[in-house]
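Structural characterization, general
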Amino acid sequence: MIQQIYPVPDHPYEYELNKDMHFAAAHYIPHVEAGSCQEVHGHTYFANITIGGDRLDDSGFLINFQHIKKLIHKRFDHTMINEDERFSSERGTEFPTTEVVAKVMWEIIQDHLDTLPHRPQCLQVFLRETPTSYCIYRPKRKRS
Ligand SMILES: Nc1nc2c(c(=O)[nH]1)N=C([C@H](O)[C@H](O)COP(=O)(O)OP(=O)(O)OP(=O)(O)O)CN2
Ligand SMILES: [Zn+2]
């Protein structure tokens, strides 16, 4: 059970929703700066996703918790993150560091939220890679 207090982003919205999840995945960072992390290794990642908005959908949801989980968990659980198209395709020039994976998760979620008429916003992705290491990605401004 994930139970942790996360940093709260500053925002003007009436509703703020948070979804916790974890997933198991492998990665490697092909850069000399990464030291032993250049070798393939695995983590149980913990993610906390924060969504904000002023309007709810017809079912009274800002966003269905299950939909957020599906977007991330289905894509990354029990995978080699380097093989995800975001990292392996021609446009995938970045390495799957905690920082970059947090930002990619934000992009995946916000792309979905942008299809919803009531336009919720992903305000923060908190991504823990190890018991002692985590990163928070917050967009500078909301997408219009
Ligand atoms: N800024 C970043 N630094 C490092 C990243 C990263 O994604 N961003 N990643 C790694 C490794 O991939 C590793 O998985 C995590 O490293 P680390 O925190 O050193 O893990 P430990 O469990 O060994 O930490 P201890 O606190 O020393 O036990 C490296 N750096
Ligand atoms: Zn790692």
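Summarised in this report is the structure supplied together with it. This one's a predicted model, so the numbers in the text were calculated from it and none came from an experiment.

Scoring rules and cut-offs
Residues numbered from 1 in each chain as written. Chains lettered and ligands numbered in written order. Predicted model: local features only at pLDDT ≥ 70, side-chain atom pairs only at ≥ 80, totals over all residues. Near = placed C-beta within 6 Å. Helix = DSSP H or I, 4+ residues; strand = E, 2+ residues; numbered from the N terminus. Nonpolar A, V, L, I, M, F, W, Y, C, P; charged D, E, K, R; others polar. Pairing = 2+ DSSP bridges. Contact = placed C-beta atoms within 7 Å. Axes fitted to C-alpha atoms, helices over the stretch in contact; angles between N-to-C directions. Parallel < 35°, antiparallel > 145°, perpendicular 65-115°, else oblique. Left-handed = near helix turned anticlockwise from the far one by under 90°. Expected span 1.5 Å × (residues − 1). Buried ≥ 20, exposed ≤ 12 C-beta atoms within 10 Å, placed from the backbone. Arc of directions from axis to C-beta.

Within the structure, ligand 1 sits among Ile29, Ala34, Cys37, Thr97, Thr98, Glu99, Glu129, Thr130, Thr132 and Ser133. Counting only elements with at least two residues in the shell around ligand 1, the list comes to helix H3 (98–113) and strand E4 (121–130). Residue composition of the shell around ligand 1, by class: three nonpolar, five polar and two charged.

This paragraph deals with the sheet that holds E4. Taken in spatial order, the five strands line up as E3-E1-E2-E4-E5 in an open sheet, and their pairing is mixed. The open sheet is flanked by strand E3 (79–80) and strand E5 (133–137), the only strands paired with a single partner. Of the strand pairs in this sheet, E4 and E5 are connected by five bridges, and their pairing is antiparallel. Each bridged residue has a counterpart across the sheet, and for Val125 the counterpart in E5 is Tyr137. Of the strands in this sheet, strand E1 (15–27), strand E2 (41–53) and E3 are in contact with helix H1 (residues 65–76), which crosses E1 at around 15°. Sheet contacts for H3: E2, E4 and E5; angle to E4, the most-contacted strand, approximately 150°.

At a minimum axis distance of 10 Å, the contact between H1 and H3 shows a crossing angle of 135°. For the element pair H1 / H3, the angle class is oblique. In this structure, H1 meets H3 at a crossing whose hand is right-handed. Side by side, H1 and H3 meet where Ile68, Leu71 and Ile72 of the first sit next to Met105, Ile108, Ile109 and His112 of the second.

Between its first and last C-alpha, H1 extends 17 Å over 12 residues, near the 16 Å set by a 1.5 Å rise per residue. By the burial criterion, the buried members of H1 are Ile68, Ile72 and Phe76. The buried residues of H1 occupy an angular sector of 20° when the element is viewed end-on, so they sit on one face. Exposed residues on H1 whose side chains face more than 90 degrees from its buried face are Gln66 and Lys74. Check the buried side of H1 and you find it contacts E1, E2, E3 and H3. Where H1 terminates, the next one or two residues include His78, which has phi positive at roughly 55°.

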